[in-house]
Amino acid sequence: MPNGEQGQQQTHGATPAGGQWYPPEWPDRIRALADGSLTPVEPRRAATVMLLKDTAAGPVVHMLRRRASMAFAGGAYAYPGGAVDPRDEDRLVGWAGPGLDAWAARLGTDARTAQAIVCGAVRETFEEAGVLLAGETADTVVGDTTGEDWEADRQALVARELSFAAFLDRRGLRLRSDLLGAWARWITPEFEPRRYDTWFFVAALPEGQRTRNASTEADRTVWIRPAEAADGYDKGELLMMPPTISTLRSLEPYRSAADALAAATGRDLEPVLAQAALENGEVVLSWPGHDEFTKRVTFGGGS
């Protein structure tokens, strides 16, 4: 469940700043990157989905809380998501909605990579939330996916025993790419040992389906208004990574899931990559275009 992980990690000795956590190993890694002794890891492609549904008080978004025991970002709230499966590049899948060339242009990739990223978004949403954006025809969506046969397929996908293309073929389904809107793109900082190039998507919960906590990495799931979640972050009550709180804030103006989905076509997908420097014993972190995350963090010891 990378979800655009930007190195925020609940580690012993980490310094909290609002709803963020800064790992104590960052200064040494940033210093090593600056002096050339650290070679950045190539980021893996990943996809994550902000799943929305309408309520009388406005749209709410589905979020998962990573287990506190997780070595990476334990206790942080995120969206369903994870790394792209390379197998999703190799075989054409049942497809509905904009074609692969259109998606490639939107995501800034080639067609095969675009297919893998969109497949990753739909597959991870099914794996971690039990919601499947697919149907038997170009204008239908499957209904309840909580039966034992669905669960067996979901487990096989999680274990990578079954490719997503094979899963769709087995069930005679088409991926409904028109139900997704590309929203943002964040890349894990170069000094991190685990890096992801993550595309964020928005989608509406299909009628007849319901979410559940299907992820082994999460101990809680919630449907929450973006503004309420952002308020919890601002108060230091909800731990989040920069891309999570950034995308939450960007959802606040929309009065319905459909409005947010329609707005996705105009969203800037220029990748956001953190910059870091060591200045007078402080780590200065900034995310271009996102001034709220610029922080000066003092670390004991290795600073």
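Structure shown above.
None of these values were measured; they are calculated from a predicted model.

K.L.:
Teacher, can you tell me more about the pattern of salt bridges here?
P.N.:
Pairs can form between side chains of opposite charge once their charged atoms are near each other. With the rule as written, the count across this model stands at 20 salt bridges. Measuring nitrogen to oxygen at the nearest pair gives 3.5 Å for the salt bridge that ties glutamate 124 to arginine 160. A residue pair is termed long-range when its members are at least 10 positions apart, and glutamate 124 in helix H3 (residues 111-129) and arginine 160 in the loop between helix H4 (148-158) and helix H5 (164-171) qualify at 36 residues. Classification of arginine 160 by relative accessible area gives partly exposed; the value is 31%. Aspartate 149 is the partner of arginine 171 in a salt bridge, and the nearest nitrogen-oxygen pair spans 3.4 Å. Pair noted here: arginine 171 is in helix H5 and aspartate 149 is in helix H4, with a separation of 22 residues, a long-range link.

K.L.:
Would you mind going over the pairing of strand S15 (residues 282-287) with me for this structure?
P.N.:
Moving residue by residue along a regular strand, the side chains alternate between the two faces of the sheet. When strand S14 (residues 275-279) meets S15, the two strands line up antiparallel, connected through 5 bridges. When the sheet's bridge partners are listed, glutamine 275 is paired in S15 with serine 286. In this antiparallel pair of consecutive strands, S14 and S15, the connection spans 2 residues, and asparagine 280 shows a positive phi of 50 degrees. Pairing of S15 with strand S16 (residues 290-298) involves 5 bridges; the strand directions are antiparallel.

K.L.:
Please clarify how the packing of aromatic side chains should be interpreted in this entry.
P.N.:
We describe a pair of aromatic rings using the distance from one ring centre to the other and the angle between the two ring planes. One pass over the structure, following the stated rule, counts 9 aromatic pairs. An angle of 55 degrees between the planes, with centres 6.1 Å apart, marks the rings of tryptophan 103 and phenylalanine 201 as tilted. With tryptophan 103 in helix H2 (residues 100-107) and phenylalanine 201 in strand S11 (residues 196-204), this residue pair connects regions lying 98 residues apart in the sequence. Accessibility classification places tryptophan 103 together with phenylalanine 201 in one group, the buried group. Relative to phenylalanine 293, the ring of tryptophan 287 lies with its centre 6.0 Å away and its plane at 75 degrees, an arrangement referred to as edge-to-face. Tryptophan 287 sits in the buried class, given a relative accessible area of 1%. Connected via pairs of aromatic rings, a cluster forms that spans Phe126, Trp150, Phe164 and Phe167.

Cut-off values and rules
Residues numbered from 1 in each chain as written. Predicted model: local features only at pLDDT ≥ 70, side-chain atom pairs only at ≥ 80, totals over all residues. Heavy atoms only, no water. Salt bridge = Lys/Arg side-chain N within 4 Å of Asp/Glu carboxyl O. Helix = DSSP H or I, 4+ residues; strand = E, 2+ residues; numbered from the N terminus. Buried < 20%, exposed > 50% of the residue type's maximum accessible area, 1.4 Å probe, protein only. Pairing = 2+ DSSP bridges. Phe/Tyr/Trp six-rings, centres within 6.5 Å; stacked < 30°, edge-to-face > 60°.

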